[in-house]
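What follows is the residue order along each chain.
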4 protein chains.
Amino acid sequence: MPNLDKPDFSKLKALYINCTLKKSPAQSHTAGLMEVSRHIMEAEGVATELLRLVDYDIAPGVQPDMTKEDDSIKKDDWPEVYKKVKAADILVIGTPIWLGERSSVATQLVERLYAMSAKQNEKGQYVYYGKVGGCIITGNEDGIKHCAMGLLYAMQHIGYSTPPQADCGWIGEVGPGPSYLDEKANALDNSFTNRNTTFMTYNLLHLAKLLKENGGYSTYGNSVKEWEDGERWEFKQVNK
Amino acid sequence: MPNLDKPDFSKLKALYINCTLKKSPAQSHTAGLMEVSRHIMEAEGVATELLRLVDYDIAPGVQPDMTKEDDSIKKDDWPEVYKKVKAADILVIGTPIWLGERSSVATQLVERLYAMSAKQNEKGQYVYYGKVGGCIITGNEDGIKHCAMGLLYAMQHIGYSTPPQADCGWIGEVGPGPSYLDEKANALDNSFTNRNTTFMTYNLLHLAKLLKENGGYSTYGNSVKEWEDGERWEFKQVNK
Amino acid sequence: MPNLDKPDFSKLKALYINCTLKKSPAQSHTAGLMEVSRHIMEAEGVATELLRLVDYDIAPGVQPDMTKEDDSIKKDDWPEVYKKVKAADILVIGTPIWLGERSSVATQLVERLYAMSAKQNEKGQYVYYGKVGGCIITGNEDGIKHCAMGLLYAMQHIGYSTPPQADCGWIGEVGPGPSYLDEKANALDNSFTNRNTTFMTYNLLHLAKLLKENGGYSTYGNSVKEWEDGERWEFKQVNK
Amino acid sequence: MPNLDKPDFSKLKALYINCTLKKSPAQSHTAGLMEVSRHIMEAEGVATELLRLVDYDIAPGVQPDMTKEDDSIKKDDWPEVYKKVKAADILVIGTPIWLGERSSVATQLVERLYAMSAKQNEKGQYVYYGKVGGCIITGNEDGIKHCAMGLLYAMQHIGYSTPPQADCGWIGEVGPGPSYLDEKANALDNSFTNRNTTFMTYNLLHLAKLLKENGGYSTYGNSVKEWEDGERWEFKQVNK
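Computed from a predicted model, the values in this text were never measured in an experiment. (Residues numbered from 1 in each chain as written. Chains lettered and ligands numbered in written order. Predicted model: local features only at pLDDT ≥ 70, side-chain atom pairs only at ≥ 80, totals over all residues. Heavy atoms only, no water.)

Novice: How should I be thinking about helix H4 (residues 144–158) of chain A in this particular structure?
Specialist: One turn of the α-helix equals 3.6 residues, which is why residues spaced by three or four share an orientation. Residues and elements named next belong to chain A. Here H4 is 15 residues long and its end C-alpha atoms lie 22 Å apart, about the 21 Å a rise of 1.5 Å per residue gives. Counting buried residues along H4, 15 of its 15 residues qualify, which places the element largely inside the surrounding structure. Looking one or two places after H4, you find Gly159, whose phi comes out positive at around 130°. (Helix = DSSP H or I, 4+ residues; strand = E, 2+ residues; numbered from the N terminus. Expected span 1.5 Å × (residues − 1). Buried < 20%, exposed > 50% of the residue type's maximum accessible area, 1.4 Å probe, protein only.)

This is the structure we're talking about:
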């Protein structure tokens, strides 16, 4: 039976940022699972890019361009990466798990995304409004949900929207063991991981499409500029 | 200037669940801030209800009705509360912070919401699909973001969608001190809290309206039933 | 070869509190792993007790005895449980994982432990000084470390000491699956879990013994009473 | 009155690692509070050092020396920093809070500490056994406890011991605002922060002294080497 209601996602763009600690071309298990999600998007006509943040020179700090803040910092590739983030309707952050936490590279990504959050779009809203975000987590033992909590929280806090089940991942049984792409892990056929990766990917597409077609969020009730100008909509301090 | 583009939210329903440890009618600081958000919704024509979960007899466990699982459990009000959750387009969970964490009542709420997550809607999706969620956190010192991470994560994981900036709260300076409604806290005029509460409330409304008017999420790519029937859409294991 | 340096732990007492959501006598997988640790202690001559908090009527709240705070609360078994906590040199908290988090019962335990933290011992220190704590986590998929972070943090924050590797647990591969005691899980022979449970147990014993034999912590530098009396030891605000 | 029971801490060494994102000599608020703790140690005769990890070239990865793992990595200062970690009886990690989380530099520190955790001391125990750890957190709004949970967890997991109240910090009221050293914050006289910093510092000293004088932990029950050789002490799988 043909999918008569197959939506047209071809106007969407998605950026996958892999926060592995390993520079290209070393094998990244996280990239393995990210490619599963990315394949779905590509097959649905979405323009995608996958990059490893560790391949770039990202300076420490929480300003848009750190070379302008500190003379000792000679290079900062963040503005280049940010251009890709800004152009994408969908951001998917991938990270390995180390000691139960997302990688330091993932935390640095959040710091730099956050550094731009004071910027406003043309409507006076935070700049990430109208975009959607998800995350992909891999490790060999424990911590998908904990890592996802922090990443999804950060994204929604700066303006991304989150569809249902916007996280997915793979881990093995407790203790050290094989990783996602290792044959011994037998992870590629894990139905739970495959299903969650699929659902996440499609839900990101559905919500991104819906928001894009509706021009993002109305400014009614969430414009920084209007709030600063004194507009309060129906806000009232009812406790006094 | 009139708000010419003021949206019509009057078809929406919102449920506020306060997870304070204090039974009615004791003063709840969390309720204080929840009422600020609720007032906005009411003024926008939304039908709302605010309840305290601790006023109900909620049995421990992760099944829909615990009286059917354990003969020693004589009463379980969860099915009654769940009816309200099911009827609402928007769920806002409020919690105090104790030792940096959400209350045990909030965790019990998540356990019971989760207990229903195996249920599917008429489309074969998880039952909370199409609904939106947010959270309100109060304490006297530290932990809004940590509590919000866990609550928003749980909600999206079981099917809720999250708009931008779906959390808000109030805490004072580090260390013990006055709480939200205490005059000494001077919290009622905190512009950061008021603005975030307002933005959260309106963003919940915008996304709930958008999803409701579009009939929730398309089943293309996220139907449990279809996955179990063998449908894979564009999923493909690209690593082999 | 005999263990010539086998320490004598026979003066120690340990309390295991299982925070399962299931009342006795239902099977608790968490109890299963807790019994492994407890067996070691018993075999080393330690007096132990294992209880399920859900078998008691613990009232919501953060005061020592909630029946004295709220007339509508007729029963509160916390004072009875607290007596056991106070008498024990070692506290081991066990919890299942639900949606990546410790159980609501575990959170309630922390709330009630915290409720007593304003009390001081005869030296003017917080009442849990000199005791040691650890935790045991079981689930079928993900979250040992996240749950352990919160539990160990709470314990140290109110006065417990933490030896190395004070957490242990068992989870299976990502996704729903068998639990610790289920034969299909094949968890009982997991060497990683068995080793960590053993190391945790012995480290709790070593540190508890060391602290007990030294009379707990010296009051030099940590007495609430002396701080309130104006003593500052070598504290100096060096930033002005 | 003279402190007749003033302990002699002069044989101890402490290392303070500041995980600020700002390179020297930029002002670090976190350093400000760390210096308060460090002053106490110095005044008690402890040999201390405070460094900023961001002043070093620390390579991404989880191996002891990344230049030996990846030819594209030309420099890795971690071995130099690790020497200081190894020589110190006490490790205090300081971090700012960004979006409710510890800094990416702090996460990188944990990754590299963890990279050495497979090493064993001369007794066949993990290499950090016998050392003690604490943490100092500063921000302008929210997240001390959440950051402390992760840092203290990581330290105990790899072998550090944690005394009571091993975390301290300063944050202001919710929302953006002045930082610790800013005069407007009025943070320097915050009694809660000063007391917690003092108690943490002395408790680290007490426990480090106790462990050092006792030669760290007995190997009875926690030696990786003996476990691998088949020793099980009193471990027994009681569930079968």
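Novice: Which parts of the structure should I look at to understand the interface of chain C and chain A?
Specialist: Quite often, the size of an interface is put as the accessible area lost when its parts meet. Counting from both sides, the interface comprises 23 residues of chain C and, opposite them, 23 residues of chain A. Buried surface at the junction of chain C and chain A, both sides included, amounts to about 1700 Å², of which 59% is carbon and sulfur. Three residues, Asp142(C), Lys145(C) and Val174(C), lead the burial of chain C against chain A; their summed loss comes to 35% of the area buried on that side. At the junction of chain C with chain A, the criterion picks out 2 salt bridges. Notably, a salt bridge pairs Lys145(A) with Glu141(C), separated by 3.0 Å at the nearest N-O pair. Here chain C is connected to chain A by 15 residue pairs in polar contact (both at pLDDT 80 or more). Sorting the residues of the side of chain C that touches chain A by element identifies helix H4 (144–158), strand E6 (167–170) and helix H5 (191–213) of chain C as the ones contributing at least two each. Class assignment of the residues belonging to the side of chain C that touches chain A gives a composition of 9 nonpolar, 9 polar and 5 charged. (Contact = heavy atoms within 4.5 Å. Buried area = accessible area lost by both parts, 1.4 Å probe. Salt bridge = Lys/Arg side-chain N within 4 Å of Asp/Glu carboxyl O. Polar contact = N/O pair within 3.5 Å; in protein donor to acceptor, adjacent residues only side chain to side chain. Nonpolar A, V, L, I, M, F, W, Y, C, P; charged D, E, K, R; others polar.)

Novice: Would you explain the packing of aromatic side chains in this entry?
Specialist: Each aromatic ring pair is described using two quantities: the centre-to-centre distance and the angle formed by the ring planes. All chains considered together, the criterion is met by 42 aromatic pairs over all chains. Their ring planes at 75° and their centres at 5.1 Å tell us that Tyr202(A) and Tyr220(B) sit as a pair that is edge-to-face. Taken together, the residues span two chains, with Tyr202(A) in helix H5 (residues 191–213) and Tyr220(B) in the loop between helix H5 (191–213) and helix H6 (224–228). Each of the two residues, Tyr202(A) as well as Tyr220(B), counts as buried. Residues Tyr128(C) and Tyr160(C) carry aromatic rings whose centres are separated by 5.1 Å and whose planes lie at 20° to one another, so their mutual orientation is stacked. A residue pair is termed long-range when its members are at least 10 positions apart, and Tyr128(C) in the loop between helix H3 (104–115) and strand E5 (132–138) and Tyr160(C) in the loop between H4 and E6 qualify at 32 residues. Each member of the pair, Tyr128(C) as well as Tyr160(C), carries the same accessibility label: buried. Counting every residue linked through ring pairs, the aromatic cluster contains Phe199(A), Tyr202(A), Tyr220(B), Trp227(B), Trp233(B) and Phe235(B). Positioned over the ring face of Trp227(A) is Arg232(A), at 3.6 Å from the centre of the ring. (Phe/Tyr/Trp six-rings, centres within 6.5 Å; stacked < 30°, edge-to-face > 60°. Lys NZ or Arg CZ within 6 Å of the ring centre and 35° of its normal.)

Novice: I would appreciate a short explanation of the environment of Leu21(C) in the present structure.
Specialist: Tracing the sequence through the fold places Leu21(C) in the loop between strand E1 (13–18) and helix H1 (29–43). For the pair Leu21(C) and Arg38(C), spaced 17 residues apart in the sequence, the C-alpha separation amounts to 20 Å.

Novice: Honestly, the relation of the copies chain A and chain B in this entry has me stumped. Any pointers?
Specialist: Between the two copies of the chain lies a rotation about an axis combined with a shift along it. Rotating chain A by 180° and translating it 0.0 Å along the rotation axis places it on chain B, where the RMSD comes to 0.0 Å. Such a combination of rotation and displacement between the chain copies is what one expects of a two-fold axis. Of the interface residues in chain A, 100% have counterparts in chain B that sit at the interface too, so the contact is made through matching surfaces. (Least-squares fit on C-alpha atoms with pLDDT ≥ 70 in both.)

Novice: Just to check I follow, could you spell out the relation of the copies chain C and chain A for this structure?
Specialist: The transform that puts chain C on chain A rotates by 180° and translates by 0.0 Å along the axis, for an RMSD of 0.0 Å. Both copies share a contact surface, since 100% of the interface residues of chain C are interface residues in chain A too.

Novice: Would you take a moment to explain the pattern of salt bridges for this structure?
Specialist: Close approach of charged atoms allows side chains of opposite charge to pair. This structure, assessed with the given rule, holds 53 salt bridges over all chains. Put simply, Lys6(B) and Glu234(A) hold a salt bridge, and the shortest N to O gap is 3.1 Å. Remark: Glu234(A) occurs in the segment after helix H6 (224–228) and Lys6(B) occurs in the segment before strand E1 (13–18); the pair is interchain, linking two chains. Classification of Lys6(B) as partly exposed rests on a relative accessible area of 37%. The salt bridge involving Asp77(D) is made with Lys75(D); its shortest N-O contact spans 3.6 Å. Its relative accessible area of 12% is what places Asp77(D) among the buried residues. Residue classification places Lys75(D) among the partly exposed residues on the basis of a relative accessible area of 48%. What you see here is one network of salt bridges that share partners, running through Lys6(A), Glu44(A) and Glu234(B).

Novice: What exactly am I supposed to notice about unusual backbone geometry here?
Specialist: All names here are of chain A. That bond from Ser24 to Pro25 is cis: its omega, 5°, falls within 30 degrees of zero. Among the structural elements, Pro25 can be located in the loop between strand E1 (13–18) and helix H1 (29–43). Unusually for a residue other than glycine, Leu99 sits at a positive phi of about 50°. Looking at where Leu99 falls in the secondary structure, it is placed in the loop between strand E3 (90–98) and strand E4 (101–102). Among the residues examined, Leu99 registers a relative accessible area of 5% and is labelled buried.

Novice: I keep staring at H5(C) and nothing clicks. Help me out?
Specialist: Spanning 23 residues, H5(C) covers 33 Å between terminal C-alpha atoms, matching the ideal 33 Å at 1.5 Å per step. With respect to burial, H5(C) is a largely interior element, 19 of its 23 residues being buried.

Novice: Mind showing me how you'd approach the pairing of strand E2 (residues 47–52) of chain A here?
Specialist: Here is the key point about a regular strand: its side chains alternate between the two faces of the sheet. All names here are of chain A. In this structure, E1 lies alongside E2, joined through 6 bridges in parallel fashion. Looking at E2, one finds that Ala14 is bridged to Thr48. One crossover worth recording links E1 to the parallel E2 by way of H1, and it is right-handed. (Pairing = 2+ DSSP bridges. Right-handed = clockwise from strand over helix to strand, strands pointing away.)

Novice: Where do I start with the state of the cysteines in this structure?
Specialist: Following the criterion strictly, the structure yields 0 disulfides over all chains and no others. Cysteine Cys135(A) shares no disulfide, and the gap to the nearest cysteine sulfur, in Cys168(A), comes to 7.5 Å. Free of any disulfide, Cys19(C) has its nearest cysteine sulfur in Cys135(C), 10 Å distant. According to the relative accessible area criterion, Cys19(C) is buried, its value standing at 0%. (Disulfide = S-S within 2.5 Å.)

Novice: When you look at the environment of Ile58(C) in this model, what are you seeing that I'm missing?
Specialist: Residue and element names in this part refer to chain C. For Ile58, the position within the fold is in the loop between strand E2 (47–52) and helix H2 (78–87). Overall, Ile58 belongs to the buried group, its relative accessible area being 13%. Along the sequence, Ile58 and Arg232 sit 174 residues apart, while their C-alpha atoms lie 39 Å from each other. Filtering out sequence-adjacent residues up to four positions away, Ile58 remains in contact with Leu53, Asp76, Asp77, Trp78, Val81, Gln108 and Arg112.

Novice: Explanation requested: the side chain of Asn194(C) in the structure shown.
Specialist: Structurally, Asn194(C) can be placed in helix H5. For Asn194(C), the side chain forms a polar contact with the main-chain oxygen of Leu188(C), separated by 3.0 Å. Non-local contacts of Asn194(C), meaning those with residues more than four positions away in its chain, are made with Leu188(C), Asp189(C), Trp227(D), Phe235(D) and Gln237(D).

Novice: What exactly am I supposed to notice about the interface of chain A and chain B here?
Specialist: With 64 residues of chain A at the interface, the matching set in chain B holds 64 residues. Together, Tyr153(A), Tyr220(A) and Glu234(A) form the three largest contributors to the area buried by chain A at its contact with chain B, with a combined 12%. Counting the contacts that link chain A with chain B gives 4 salt bridges. Run the count over chain A and chain B and you get 37 residue pairs in polar contact (both at pLDDT 80 or more). For the side of chain A that touches chain B, the elements supplying multiple residues, two or more each, are H1, H4, H5 and H6 of chain A. Ranked by residues supplied to the side of chain A that touches chain B, first place goes to H5(A) with 11 residues.

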